[in-house]
Amino acid sequence: MYPNGNISNSERMSISSIKSLFLFYFFSASLFPAAFLGARLFFTRFYRIDFPKYYDIVFAGILVAIAFVLTILIYGYFQKPLKKLTASAEEISRGNYGAKALICSNDEMGALGDSFNQMAASLKEKEFMRDTFGKIVTPQIRDYLLTKSVALGGETLEVTVMFCDIRGFTTLSEKMAPEKIVALLNEYFTGLEKCVARHGGVINKYIGDAIMVLFGAPIPSATHASDALAAALEMRETLSAMNKGWKARGLPEIRFGIGIHSGPVLAGNIGAANRMEYTVIGDTVNTASRIEGLCKTCQTDLLLSQSAADLIQAQKTARTETAGKTETAAAALPALTFVADAEIRGRKEKVRVFTIA
């Protein structure tokens, strides 16, 4: 038995190798009858000895019996480890990467089982890394990075960027123990992430108590602006429900501000050659962050830029016209309320911002 595997470094007895097994089969099934026939011909030719004819029948029967026994032994020799290997492979296909092939010999079959166990260990490690990677970045970005060529560079995409920030977090953190703050934030972020994921968005960054969310990247979407608005509205409802639960547990309530802006970004792997991350950069990202900051001034929890509002209206109109229900669906659209022509640092022109009550 070789419970720890690694039989490639062990000494291999020639009698235990498959090559030796087949050589034994060859000698038993070929040379033995050849020697018998040669001896018979020799004695018949030179010594004129006639053997009874039933000798041939008996000898043929002995050869058949020997061949049958050897075949059964060789069949069993291969069948048992292959069945165990097949069972282990089926376990791995069901996600049980801890399944191992039992190694009982140090021959070629043992080497196959050893290689199989090394493969299973490698798959387990890769699955662990993939699962862990999916917790560090969103599953969508993880899959994008795993299927694309990981190199520095990017592409220009039309996306919608959302920033969501907690209001008064500094004051909140001063009144609570660090471990309670972390637990509260984890619960808060988990609730928001579910809202974002349901509408096709990905949380690209956690920036302290804020999140940066992408719609339309890395997976393109024709309705990224509408998806962002739908996610924001659901985030409102989710936060309201979480606040009720926190209040009942004696925890402080949380308020947030959301800024949404649509436009072109440079999306791709950005950073150093040995340490990069998938993200987006550009004026669209900066503007979305500035709009989120305007929520304090405008005393609202949600602001959308003109470009996002136009895209939302166009995307919803396109969908309703396709369905042939333009008037009915238009009446059901959430009403966008104009808030102000706001000045944003870094931009010469004012930005028209809207909200939904």
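Residues numbered from 1 in each chain as written. Predicted model: local features only at pLDDT ≥ 70, side-chain atom pairs only at ≥ 80, totals over all residues. Heavy atoms only, no water.

Trainee: Please explain a nonpolar patch on the surface as it appears in this structure.
Mentor: Residues Phe42, Phe43, Phe46 and Tyr47 make up a contiguous nonpolar surface patch of roughly 440 Å² in combined accessible area. A relative accessible area of 38% places Phe42 in the partly exposed class. (Patch = residues over 30% accessible without salt bridge, like charges linked within 9 Å, V, L, I, M, F, W, Y side chains within 5 Å. Areas by Shrake-Rupley, 256 points an atom, 1.4 Å probe, with all protein chains shown as cover. Salt bridge = Lys/Arg side-chain N within 4 Å of Asp/Glu carboxyl O. Buried < 20%, exposed > 50% of the residue type's maximum accessible area, 1.4 Å probe, protein only.)

Trainee: Mind showing me how you'd approach the side chain of Thr160 here?
Mentor: You can see Thr160 is positioned in strand β1 (residues 153-167). Leaving out residues up to four positions away in the same chain, Thr160 has contacts with Val213, Leu214, Phe215, His224, Ala225, Ala228, Ile260, His261 and Ser262. (Helix = DSSP H or I, 4+ residues; strand = E, 2+ residues; numbered from the N terminus. Contact = heavy atoms within 4.5 Å.)

Trainee: How should I be thinking about the pattern of salt bridges in this particular structure?
Mentor: Opposite charge on two side chains makes pairing possible when the charged atoms of those side chains draw close. What the rule picks out here adds up to six salt bridges. Between Asp165 and Arg167 there is a salt bridge, with the nearest N and O atoms lying 4.0 Å from each other. For the pair Asp165 and Arg167, one class covers both residues: buried. Measuring nitrogen to oxygen at the nearest pair gives 2.5 Å for the salt bridge that ties Arg198 to Glu234. In this pair, Arg198 is assigned in helix α6 (residues 178-198) and Glu234 in helix α7 (residues 224-248), connecting sequence segments 36 residues apart.

Trainee: Explain the environment of Gln306 to me, please; I cannot follow it from the model alone.
Mentor: Note on placement: Gln306 falls in helix α9 (residues 306-323). Along the backbone, Gln306 and Ser262 are 44 residues apart, and their C-alpha atoms lie at a distance of 8.6 Å. Not counting the four nearest positions on each side in its chain, Gln306 is found in contact with Arg352 and Phe354. Within polar-contact distance, the side chain of Gln306 engages the side chain of Asp310 at 2.8 Å. (Polar contact = N/O pair within 3.5 Å; in protein donor to acceptor, adjacent residues only side chain to side chain.)

Trainee: So what exactly am I meant to see when it comes to the packing of aromatic side chains here?
Mentor: Ring pairs (aromatic) are described by centroid distance and by the angle formed between their planes. Per the counting criterion, the structure on display carries three aromatic pairs. Measuring from centroid to centroid gives 5.2 Å for Tyr188 and Phe189, while their planes differ by 55°, and the two rings are tilted. For Phe189, a relative accessible area of 9% puts it in the buried group. Ring pairing ties together the aromatic residues Tyr188, Phe189 and Tyr206, which thus form one cluster. (Phe/Tyr/Trp six-rings, centres within 6.5 Å; stacked < 30°, edge-to-face > 60°.)

Trainee: Is there a simple way to explain the nonpolar core in this structure?
Mentor: Looking at soluble globular proteins, one finds that nonpolar side chains tend to be buried together. By size, the foremost hydrophobic cluster in this structure holds 36 residues, and its most contacted members are Met162, Tyr188, Met235, Ile258 and Ile260. Beyond its immediate stretch of four places on either side in the chain, Ile260 contacts Thr160, Val161, Met162, Ala228, Leu229, Ala232, Ile291, Leu302, Leu303, Leu304, Ser305 and Ala308. Counting residues in each nonpolar core, the second largest holds 14 residues, with Leu157, Phe163, Leu214 and Ala217 among its members. (Core = buried A, V, L, I, M, F, W, Y, C linked by side-chain atoms within 4.5 Å.)

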